[in-house]
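Residue-level listing of the chains:
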Amino acid sequence: MIEATISETPVYERNLDAFSVRQPELVERLHTASIPQGVREATGRDGSKTFRIQTINGSEVWLGGSSMPTISAPAIIRDSALLGGNVILPSMLTGDEPLQLLETAPTHVAVFVVERCLLNLKLALHRRDFASHIRNGRLVLFTSDDLIPETVNFFERFPGYEFPRHMVSIPHLLPAKLADFQREVQAAGSMVSERQSQNVQQLAKYLKSTPISKGGSPSLAILSICSTPFFIDQARRIEQSAQSLGWRVTSCLPTDPTNCHTIARLRILKNAQPRAVLLIGYEPQRMRQFLQDELPCITWYLPGMSLKGLSATGLDPQDYALVCAASPLFDCHTTSPRILQAGPAVLASSIRDEAHASEHSFKRDITLVADLPPEDPSAAGITLPTQLALWRTIVSLIPSEPDQQQPLLPDRLLAEAETRSGIVLREETIRAEFLDLIATAILPRRWALAVSNTLMGMGYSLASLGLHWPNAKTGSLSMLGDIPVGETICETLLGSRIVLFPVFSEVYLQQALDTLASGVAVVVRAPQHAFVDLYPDLADIAPHLNLFEGVSELLAGVDRAHRSSSGPQPVGEAQQLLKKKHTVAHRLEMMAKHIGLLEARTS
């Protein structure tokens, strides 16, 4: 029973309402736990509202052992949110600790909390609002004295979760208690893993023995293990386009913790009975072992994904029907002729089917879009004095004029810096790492800044969209923040007359096409001849991308883009070309014809 010393709070009720759907037994346990008179509200030394609890001997302790929850919580969780998998905590503590984990970890990561003191749990649920995380399945609470049966029961009910990979230790948990907790979690994990393995085998046996349905409209199951927002957005595009074509579509994407285990993907296949499976960005052999031999299995490597795991020795021709990649820039070592690397104009970068021009109200001349590498060499792991000196020498050798940067190759630049500084990298591994940093960090950053300085010097009003842009000391460069994902990026860029991509990548090419399709003129850094060689089916779009390398081409491209933004015809022509040949639906139809899902379309 809640005493008068505790204020009524809607936060607690919202948390209980959320748990009533996913963990109703927990709500029942909390109802049985009263809050004694020895508990009082208090203000922590950090100014946050918290509680003081009276012990048996009459002294008072802070909830979760902290008088400054907002300060102690970040110190406890440290980098746990960045580890990339589900996390388990041996206590709810003040509530700030799991909440900060939830707010900083990716949306597919769940935080499991074991809290056997219902009073502490109840007070923490009075302090912080977890309702949205509970409903999304991201906060899971265990409270019983025996963790194994409670854990096994939860994973039986929600088999799409992965068992926590990481444990967060807490300062006031004695080493012996921590060791006991670790053993308990490991035992529970072993039991859950065994049950999940049995579940996978049963599903695989069912799928292998179930005939594939024939006839009717194409049916497609879209499966992905890529959890970053950009790849989720790409997968959603594919899903929506397939539905617009009249296909039966089902998907399993790691948008939340319930869709991360192999079981979740296999259950989708069991329920959907598709005529083809589309894997977004992972090797076909990882799924083929569970599928009927005759079921077409397509792998689609989208912009920004890596093909390094795909090798000739690890890929059996029976594993797949088709492997598609965004461009020849992908690192693919297989020699199979069925691997397609003909560029994004074949099966990758494309615009949304529903893309359309929007009203424009220009707030600036140009927006520069790129995530720049950090300026601080320590962010790249360069900390030794000799390596720092070599880094500074390399930077000093790069001219400020973009035209002069083109002949600079990483090996020549490093050799010149070694001669100038007298510091020679003799270890081949370290030398290779330095060459990679020059190519991927030093040169792109210096190039992008040179482009912005050139344009500001000509009087253009600029904005930057992306990470690690410096505050401009001169000229007009406003900061727009991080690069949004999906449709939001086009909404952000509508205030610009021109959008310029000063660093080339597959992802930026995708964003450039989206931007052009929304009616905004674009300028893209890429050599004209090389671009057409890499992307022959985008040759009709290349003139509208205003490709450039050096300053003269940059200024010419900006001038063309400025003229096209002043009248609808040039941009409108690009929009028509994109809609005619370069939508996601076009890519899907080409893919479906290749594996026999569709008859060849008549002209």
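Analysis parameters
- Residues numbered from 1 in each chain as written.
- Predicted model: local features only at pLDDT ≥ 70, side-chain atom pairs only at ≥ 80, totals over all residues.
- Heavy atoms only, no water.
- Core = buried A, V, L, I, M, F, W, Y, C linked by side-chain atoms within 4.5 Å.
- Buried < 20%, exposed > 50% of the residue type's maximum accessible area, 1.4 Å probe, protein only.
- Contact = heavy atoms within 4.5 Å.
- pLDDT = per-residue confidence, 0-100.
- Helix = DSSP H or I, 4+ residues; strand = E, 2+ residues; numbered from the N terminus.
- Pairing = 2+ DSSP bridges.
- Axes fitted to C-alpha atoms, helices over the stretch in contact; angles between N-to-C directions.
- Parallel < 35°, antiparallel > 145°, perpendicular 65-115°, else oblique.
- Left-handed = near helix turned anticlockwise from the far one by under 90°.
- Salt bridge = Lys/Arg side-chain N within 4 Å of Asp/Glu carboxyl O.
- Expected span 1.5 Å × (residues − 1).
- Arc of directions from axis to C-beta.

Draft legend 1. Here's a closer look at the nonpolar core. Counting residues in each nonpolar core, the largest one holds 49 residues, and the members touching the most others are L455, L500, F531 and L545. Beyond its immediate stretch of four places on either side in the chain, L500 contacts I366, T367, L368, V369, V451, L455, V523, F548, L554 and V558. With 30 residues, the next largest nonpolar core counts L220, W247, L253 and V507 among its residues.

Draft legend 2. How the structure looks around the confidence of the model for the protein. Overall, the prediction assigns the protein a mean pLDDT of 84, with 85% of residues at 70 or greater. Helix α12 (residues 344-347) is the least confidently modelled element of the protein, averaging 35 in pLDDT, while strand β6 (residues 139-142) averages 98, the highest of any element. Here residues 330-348 is a poorly scored stretch, pLDDT under 50, and it has 72 contacts once near neighbours within four places are set aside; other chains count.

Draft legend 3. Representation of the pairing of strand β2 (residues 49-54) in the model. In terms of strand pairing, strand β1 (residues 39-43) meets β2 through five bridges, oriented antiparallel. Within β2, the position partnered with V39 by the bridge is I53. Counting the residues in the hairpin turn of β1 and β2 gives five residues, including G47, whose phi is positive at 90 degrees. Strand direction decides the pairing type here: β2 and strand β3 (residues 60-62), joined by three bridges, are antiparallel. The partner of Q54 across the bridge, within β3, is E60. Here β2 folds back onto β3, and the loop between the two strands holds five residues, one of which, G58, carries a positive phi near 95 degrees.

Draft legend 4. Representation of the packing of helix α8 (residues 175-209) against helix α10 (residues 262-272). Direction vectors running N to C along α8 and α10 enclose 25 degrees, while the axes themselves pass 10 Å from each other. Looking at the two axes, α8 sits roughly parallel to α10. Crossing of α8 over α10 shows left-handed handedness. Counted together, Q196, N199, V200, L203, Y206 and L207 of α8 and I263, L266, R267, L269 and K270 of α10 form the full contact between these two elements.

Draft legend 5. Inspection of the pattern of salt bridges at higher detail. Here the structure, examined in full by the defined rule, presents 20 salt bridges. The salt bridge partner of D293 is K208, with a shortest N-O separation of 3.6 Å. Here the residue D293 occupies a position in the loop between α11 (285-288) and β11 (297-301), and K208 occupies one in helix α8, the gap between them amounting to 85 residues. Accessibility expressed as a relative area gives 39% for K208, which makes it partly exposed. E416 is the partner of R420 in a salt bridge, and the nearest nitrogen-oxygen pair spans 2.9 Å. With R420 and E416 both in helix α15 (residues 410-421) and four residues apart, this pair spans about one turn of that helix. Residue classification places E416 among the partly exposed residues on the basis of a relative accessible area of 32%. It is possible to trace a salt-bridge network through shared partners that takes in R40, R52 and E60.

Draft legend 6. Helix α13 (residues 385-397), seen in detail. Here α13 is 13 residues long and its end C-alpha atoms lie 19 Å apart, about the 18 Å a rise of 1.5 Å per residue gives. Listing the buried residues of α13 in full gives Q387, L390, W391, T393, I394 and L397. One face of α13 carries all of its buried residues, which in axial projection span an arc of 165 degrees. Opposite the buried face of α13, at more than 90 degrees from it, the exposed residues are P385, R392 and S396. Where the residues of α13 are buried, they touch α15 and α16 (428-457).

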